[in-house]
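Coordinates in review
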Amino acid sequence: MNSLNSSQRKIIETINGPILVLAGAGSGKTRVITHRIVHMIQNIGISPSNILALTFTKKAAKEMKNRISDMMMNQTDFDQITLGTFHSIFSNILREESHWLGFKSNYTIYDHKDSENVIKQILQDLNLDRSLNYKEIKRKISEYKNNLYGLFYKKKLINHKVEESITKIYKFYTKRCFQANALDFDDILLHTNYLFFYFPNVLKKYQKKFKYILIDEYQDTNLSQNTVIKNLVSQHKNLFVVGDDAQSIYGFRGAHLSNILNFHLDYKNAKIFRLEQNYRSTNYIVQASNNIISFNKNQILKKIWTNNEEGEKIKIYCASSEEEEAQYIACSILSIKRKTNLQFENFAILYRAKIQSHIIEYSLKKKNIPYHIYGSISFENRKEIRDFLAYLRVIVNPNDEESLLRILKKRNQKTVKNILSLSKEKGITVYNIIQNIENYKSLLRINNKTKNKFISLIFTIEKLRINAEQDNAYVIAKNVINFLTKKNYYNYKNEDFQSILDYVFQYVKKQKELKNHGDTSLFGFLRCFYLEIDEDINHHKENKVSLMTIHLSKGLEFSIVFIAGLEENLFPSKSSLSTSFKIEEERRLFYVALTRAQKKVVLTYAKHRFIWGKKKENTPSRFIHEMNRNFIDIENHHKHILEKKKIHSLNHFHHVNDNKNYENSKYLKMKKGIKVFHKNFGLGIIVELQNQNQIALIKFQQSGEKRIFLKLDKLVICS
DNA sequence: CGCGACTATCTTTTT
DNA sequence: GATAGTCGCG
């Protein structure tokens with residue numbers, strides 16, 4: 001407690017009622033939430049089992065768990081705290097309460113690919129496959145679910161023609177998932193909403209249990225999550241949320257700023273605290289990131305400040321290509337490391353899109369720099385792992401059609417197709433048809449050889465299933481791997497599965513160590529696999545440079561941070577350019593990236609980059625232009641790094657910002673009151689010029705007030 | 001009936 | 001450049 005400042009302490013000691021903490025980056029947000037939990041248990045005497053603590057990412061949940069367990073070393077009942085991601089916690093509750101909603105507790109969790117496959121099939125069945133794109137539909141359905149359309153907002157479902165067909169697909173999709181006894185990620189929250197909405201007695205039970213609810217990164221909640229919480233706290237009103245509107249970066253998942261902006265309306269008498277002192281970064285970094293976020297119109301005004309040293313200016317480097325950019329980063333790491341006493345683990349390389357990691361990885365490898373790419377293993381994308389999981393899933397839930405089809409497709413495709421249509425026609429599950437394949441032999445027009453293939457398969461699965469009732473997940477996993485490596489149908493080797501088998505082993509071991517009721521079942525493992533396992537855990541403390549997307553970096557800090565690929569179309573991403581709302585989210589993402597750094601930030605961009613096998617020329621990101629010049633340091637000589645390429649990498653940025661050029665340009669003609677035309681927003685009038693006339697605040701007839709960067713957005717003067 | 005070559009589309013970001 | 005889906009050949 002002594003390590004906290006007075007405002008932090010005050011927040012921790014206010015226990016009851018709704019509380020919102022607006023916490024800037026690096027202000028000790030996680031410390032506050034973890035200390036508060038410990039204080040509640042150790043000093044106030046609140047029972048750990050009455051506490052519910054929620055996060056959004058697995059990493060954040062893990063981090064919080066570790067910190068609390070460190071602080072409560074000798075306290076034995078700390079694992080009674082319900083702590084985890086929204087999805088993980090509520091999937092557990094749904095397992096307990098599934099009977100109310102009419103599905104079975106052994107449900108399967110459908111991941112993205114599963115959902116997409118279901119949608120593809122529906123499109124085929126409905127003969128719609130040409131007009132609509134399955135990814136778009138997936139996104140829409142997700143949007144519907146996250147916004148609870150249909151539960152509270154029935155009207156919204158009938159809008160345009162497109163929406164109508166999507167609604168239709170949505171219904172089929174729901175039906176299929178129900179028949180397969182499967183939930184997708186969004187369903188976990190949606191069904192919890194159904195549960196609490198239609199079964200008040202169940203809601204009451206959990207209201208009674210969770211007397212104190214804490215939520216980290218509250219700005220990332222979507223309506224579905226927020227509604228679950230609203231219901232849970234409606235009795236005791238002890239809700240403690242921490243968030244920073246400037247770090248809201250999950251809009252694509254339905255997160256909406258309004259949840260944090262309207263907190264005081266949703267919860268009357270809410271106490272609002274602010275944490276504005278940054279303990280993490282140098283003054284230059286704090287100032288520069290404040291400056292960047294000020295370009296957003298939608299924000300709560302905050303004054304983030306620091307007592308830390310001034311530090312170094314933010315470095316900007318223009319590379320000729322993505323290769324050279326990567327080389328520059330690798331060389332910089334080595335040279336900074338030589339000059340300081342920093343270790344590799346103090347460095348992070350952040351990027352907008354996962355795809356950028358390849359080339360950086362390559363250059364680090366060449367220089368023998370140890371690194372770890374977070375979020376890269378992605379088990380669920382590996383073919384053999386998906387095959388393996390398909391068996392596990394069918395063993396737990398034979399109605400899991402996606403998995404069953406995956407297994408069957410290795411065999412006779414045509415027969416599988418026939419089985420599928422027969423299943424639809426008769427309303428019998430695929431699994432049941434195969435179980436009784438003898439009866440359908442003539443309908444399916446198959447010979448004895450084919451028939452026997454299917455029979456032997458189902459026999460194997462059934463054998464595994466019967467054992468599954470007593471065996472733990474590890475035993476079953478080993479059996480499945482034995483089967484897969486026996487070469488009957490697959491060419492897999494044992495070592496293909498070593499890593500996943502390790503995870504199963506770890507899982508079972510950990511469950512056995514738990515005092516009360518560890519869940520060593522196969523279902524438990526699968527649930528954990530999809531909702532809890534963080535594949536990067538093991539790499540956390542090794543001395544390696546961290547590579548990750550900015551999204552993954554949230555909540556972390558590093559001495560030195562490189563942010564790569566600051567180019568228009570990449571960061572901000574191409575698909576965000578169309579609306580100012582999306583651009584603002586990109587800018588918040590950039591803000592998150594900047595504020596990860598303690599000592600130093602290096603921004604890099606490349607003039608050329610290969611995209612889809614084609615060389616493309618990119619202009620520097622608008623975010624680079626937005627950087628206040630007092631805080632930046634432009635490196636335009638490559639000095640010790642590349643001898644040859646000097647000529648090619650003339651600094652583009654320097655060019656654009658050359659003062660003389662700038663004064664001669666037509667942009668100077670931009671004045672207050674001038675009528676202009678913008679290709680996206682139409683006609684407007686300049687209200688104000690900002691940042692040395694680089695930015696115009698324009699009131700558009702159609703789309704309202706917007707900030708336009710004069711060098712990037714082409715404006716035509718109309719008056 | 002299964003496999004290999006060809007082409008269309010794709011990339012944000014996470015649970 | 002990578003992957004999924006389609007088509008044609010053996």
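Residues numbered from 1 in each chain as written. Chains lettered and ligands numbered in written order. Predicted model: local features only at pLDDT ≥ 70, side-chain atom pairs only at ≥ 80, totals over all residues. Heavy atoms only, no water.

Focus on the overall build of chain A
As a reminder, the rule being used: In this text, helices come from DSSP runs of H or I with a minimum length of four residues, and strands from runs of E with a minimum of two, each type numbered from the N-terminal end. A 1.4 Å probe rolled over the protein chains alone gives each residue an accessible area, and that area as a share of the maximum for its type sets the label: buried under 20%, exposed over 50%, partly exposed in between. In what follows, a contact means two residues having at least one pair of non-hydrogen atoms within 4.5 Å. Methods summary: accessible areas were calculated by the Shrake-Rupley approach with a probe of 1.4 Å, and residue burial reflects only the protein chains presented.
What chain A contains, in helices and strands, is 29 helices and 21 strands. Taken over 719 residues, chain A has a buried fraction of 55%. Of the contacts made within chain A by residues no fewer than 6 positions apart, 75% connect residues no fewer than 24 positions apart. With an accessible surface of roughly 33,800 Å², chain A has 50% of that area assigned to carbon and sulfur atoms.

Focus on the packing of helix α4 (residues 86-101) against helix α24 (residues 522-531)
Just so we agree on the cut-off: Only the contacting stretch of a helix is used when fitting its axis, a line to C-alpha atoms as for every element, and angles between N-to-C directions run 0 to 180 degrees. Any angle from 65 to 115 degrees is called roughly perpendicular, while one under 35 is roughly parallel, one over 145 is roughly antiparallel, and all others are oblique. Left-handed describes a crossing in which the near helix is turned anticlockwise from the far one by less than a right angle; the clockwise case is right-handed.
Where α4 meets α24, the closest approach of the two axes is 10 Å, and the angle between their N-to-C directions is 155 degrees. The angle between α4 and α24 falls in the class roughly antiparallel. For α4 against α24, the interelement crossing comes out right-handed. Contact residues: H87, S88, S91, N92 and R95 in α4; F523, R527 and L531 in α24.

Details of the protein's contact with DNA strand B
In plain terms, the rule: Residues are counted as near a molecule or strand when any one of their heavy atoms sits within 4 Å of it. In protein, a polar contact means a hydrogen-donor-capable atom and an acceptor-capable atom, both N or O and within 3.5 Å, with residues adjacent in sequence counting only if both atoms are side-chain atoms; elsewhere, any N or O pair within 3.5 Å suffices. Three residue categories are used. Nonpolar comprises Ala, Val, Leu, Ile, Met, Phe, Trp, Tyr, Cys and Pro, charged comprises Asp, Glu, Lys and Arg, and polar comprises the others, including Gly.
As a structural note, the neighbourhood of DNA strand B is formed by 29 residues, with H112, R253, R352, K354 and K414 the closest of them. A share of 47% is what sugar and phosphate atoms reach among the atoms of DNA strand B within 4 Å of the protein. With respect to DNA strand B, the backbone of K354 contributes an N or O atom lying 2.7 Å from a phosphate oxygen. Elements supplying a minimum of two residues to the surface near DNA strand B: α18 (413-426) and α25 (550-553). In terms of residue count, α18 provides more of the surface near DNA strand B than any other element does, three residues in total. For the surface near DNA strand B, the residue count by class is nine nonpolar, 12 polar and eight charged.

Remarks on the state of the cysteines
We apply this condition: Whenever a pair of cysteine sulfur atoms sits within 2.5 Å, that pair is classed as a disulfide.
Within this structure, the stated rule accounts for zero disulfides. Looking at C331, it has no disulfide partner, and the nearest cysteine sulfur is the one in C318, 16 Å off.

With respect to the sheet that holds strand β6 (residues 212-215)
What counts is decided by this rule: At least two DSSP bridges between two strands are needed for those strands to be called paired.
Reading across from one edge, β3-β2-β6-β7-β1-β8 is the order of the six strands in this open sheet, with parallel pairing throughout. Two strands close off the open sheet at either side, each with one partner strand: β3 (82-85) and β8 (271-275). Mean inter-strand twist for the sheet, computed between neighbouring axes without regard to direction, equals 15 degrees. Examined bridge by bridge, strand β2 (residues 51-55) and β3 share four bridges and lie parallel to one another. If you follow A53 over to β3, its bridge partner there is L83.

Topic: the nonpolar core
As a reminder of what qualifies: Buried residues of nine kinds, namely Ala, Val, Leu, Ile, Met, Phe, Trp, Tyr and Cys, make up a nonpolar core once their side-chain atoms join them within 4.5 Å.
I215, L232 and F388 are the most contacted members of the largest nonpolar core, which has 94 residues in total. In terms of residue count, the dominant contributor to this core is helix α16 (residues 383-396) (nine residues). Apart from the residues within four sequence positions on either side, L232 is in contact with L52, F90, F196, L203, Y206, Q207, F210 and I213. Of all hydrophobic cores here, the second largest spans 35 residues; its members include Y250, I550, I563 and I624.

Topic: the pairing of strand β9 (residues 314-321)
For β9, a buried count of eight out of eight residues is recorded, marking the element as mostly surrounded by other parts of the structure. Across four bridges, the pairing between β9 and strand β16 (residues 632-635) is parallel. Looking across to β16, one finds that I314 is bridged to I632. Sheet topology places β9 next to strand β14 (residues 597-611); six bridges connect them, and they run parallel.

Some remarks on the environment of K113
Inspection of the secondary structure assignment puts K113 in helix α5 (residues 112-125). Among the residues examined, K113 registers a relative accessible area of 37% and is labelled partly exposed. The sequence separation of K113 and E402 amounts to 289 residues, and the corresponding C-alpha distance is 9.6 Å.

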